[in-house]
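Each chain, written out:
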Amino acid sequence: MNDYRPAYRDVLLTLENVAARAQRPAARLLAVSKTRPPEAVAALAALGQRAFGENYVQEGAAKARALAGLDLEWHLIGHLQSNKCREAAEHFDWVQSLDRPKLVAALDRARAPAGRPLDVLVQVNVDDEARKSGCHPDDMLPLAHAVASAPNLRLRGLMSIGAPWPDFARRQASFARMRELYERLQAGFPGIDTLSMGMSEDYALAAEAGATLVRVGSLLFGPRR
Ligand SMILES: *Cc1c(COP(=O)(O)O)cnc(C)c1O
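The notes below deal with the structure included here. (Residues numbered from 1 in each chain as written. Predicted model: local features only at pLDDT ≥ 70, side-chain atom pairs only at ≥ 80, totals over all residues. Heavy atoms only, no water.)

**A look at the site of the ligand**
In the vicinity of the ligand, the contacting residues are V32, K34, N55, I77, I161, M199, S200, R215, V216, G217, S218 and R224. A distance of 2.8 Å separates an oxygen atom of the ligand from a polar atom in the side chain of N55. Note that an oxygen atom of the ligand is positioned 2.8 Å from one of the backbone N or O atoms of S218. In isolation the ligand exposes 390 Å². Once the protein is present, 89% of that is buried. (Near = heavy atom within 4 Å. Polar contact = N/O pair within 3.5 Å; in protein donor to acceptor, adjacent residues only side chain to side chain. Areas by Shrake-Rupley, 256 points an atom, 1.4 Å probe, with all protein chains shown as cover.)

Shown next, in the form of structure tokens:
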């Protein structure tokens, strides 16, 4: 069986060190468990990890069901199709990938029976490249307003998936731009508290730039096949 402890401790320690230098609370760690079996999730949960991220609704729902006894928090971080909103609202605690108006009504309706709002991040395509997911930065505020006025959704902040530029200065610039958008949103919605950005390669850089949640997969679980 894999020992996830050294990698897990190392990531948490890095986040604490970044926070100490910046004099901010440490960013939360979302463990990205796509393609990993429920046993791997359970092993990390045994070390104290609570929040897990999945890209596909069905895969995530199956793991959430299999591990229902562990009281974990499930985040959908992959592209969401509108015909999957019902299942997403039923099995996930957070949807980080809301990027178009159509999803607002569908998720809101689907979440009504839960009796507890779905936590939502608006996904922004900050690097504005030819890419299928994330709203244009100019559409972020109207979309945030729509989420905030849906009774069964709770607006928590923003998410971005940065372009995998080899040049880390470019990644840094895009994290900084997200932080600006986040602060602009916070001015209008004082309750929001989450800026989700950074992955295994660049989570420390994202945390330095003001991410409050980083999404780390391969560094914790090993390379994906
Ligand atoms: C897969 C994925 C991650 C984690 O990627 P790693 O490089 O394995 O850390 C983070 N965010 C999203 C949206 C992903 O799809």
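Let us keep going from here.
**Here's the deal with the layout of surface pockets**
Roughly 540 Å³ of internal volume is contained in the largest pocket. K34, N55, I161, M199 and R215 are, among the 28 residues lining the largest pocket, the residues nearest its centre. For the lining of the largest pocket, the secondary-structure elements that each account for two or more residues are α7 (168-188) and β8 (213-216). Taken together, the residues of the lining of the largest pocket sort by class into 9 nonpolar, 11 polar and 8 charged. Computed from the structure, the second largest pocket encloses a volume of approximately 340 Å³. Within the residue set of the lining of the second largest pocket, elements represented by two or more residues are α3 (57-66), β3 (73-76), α4 (85-91) and α5 (101-111). (1 Å grid on protein atoms, 1.4 Å probe; cavity = no way out; pocket = protein on both sides within 12 Å on 5 of 7 lines; lining within 4 Å. Points joined across faces, edges and corners; volume = space filled by probe spheres on them. Helix = DSSP H or I, 4+ residues; strand = E, 2+ residues; numbered from the N terminus. Nonpolar A, V, L, I, M, F, W, Y, C, P; charged D, E, K, R; others polar.)

**Quick look at the packing of aromatic side chains**
This structure, assessed with the given rule, holds 2 aromatic pairs. Centre to centre, the rings of Y4 and F221 are 5.5 Å apart; their planes meet at 75°, and the pair counts as edge-to-face. With a gap of 217 residues between them, Y4 in the segment before α1 (5-22) and F221 in helix α9 (residues 218-221) connect regions that are remote in the sequence. Like Y4, the residue F221 is buried in the burial classification. Seen from their ring centres, F52 and W74 are 5.8 Å apart, and the 35° between their planes marks the pair as tilted. Highlighted residues: F52 in strand β2 (residues 51-54) and W74 in strand β3, separated in sequence by 22 residues. A single burial state applies to F52 and to W74, both of which are buried. (Phe/Tyr/Trp six-rings, centres within 6.5 Å; stacked < 30°, edge-to-face > 60°. Buried < 20%, exposed > 50% of the residue type's maximum accessible area, 1.4 Å probe, protein only.)

**Focus on unusual backbone geometry**
Phi is positive for Q23, close to 50°, though the residue is something other than glycine. Tracing the backbone through its elements, the reader meets Q23 in the loop between α1 and β1 (28-32). The phi torsion at T35 lies on the positive side, around 70°, for a residue other than glycine. T35 gets classed as exposed once you look at its relative accessible area, which sits at 53%.

**Overview of the pattern of salt bridges**
Evaluated as defined, the whole model comprises 17 salt bridges. Here D119 ties to R156 by a salt bridge, and the two come within 3.0 Å at their closest N and O atoms. With D119 in strand β5 (residues 118-123) and R156 in strand β6 (residues 153-159), the pair connects residues that are 37 residues apart, well separated along the chain. Judged on exposure class, the residue D119 and its partner R156 are both buried. The salt bridge involving D202 is made with R171; its shortest N-O contact spans 3.0 Å. Residue D202 is located in the loop between β7 (194-196) and α8 (203-208), and its partner R171 is located in helix α7; the two are separated by 31 residues in the primary sequence. We note that D202, like R171, is buried. In this structure, a network of salt bridges that share partners links the residues R28, R50, D71 and E73. (Salt bridge = Lys/Arg side-chain N within 4 Å of Asp/Glu carboxyl O.)

**Quick look at the nonpolar core**
Counting 64 residues, the largest nonpolar core has F52, L80, L107, L158 and L220 as its most contacted members. Within the second largest apolar cluster, 8 residues are counted, among which are L30, W94, M159 and L213. (Core = buried A, V, L, I, M, F, W, Y, C linked by side-chain atoms within 4.5 Å.)

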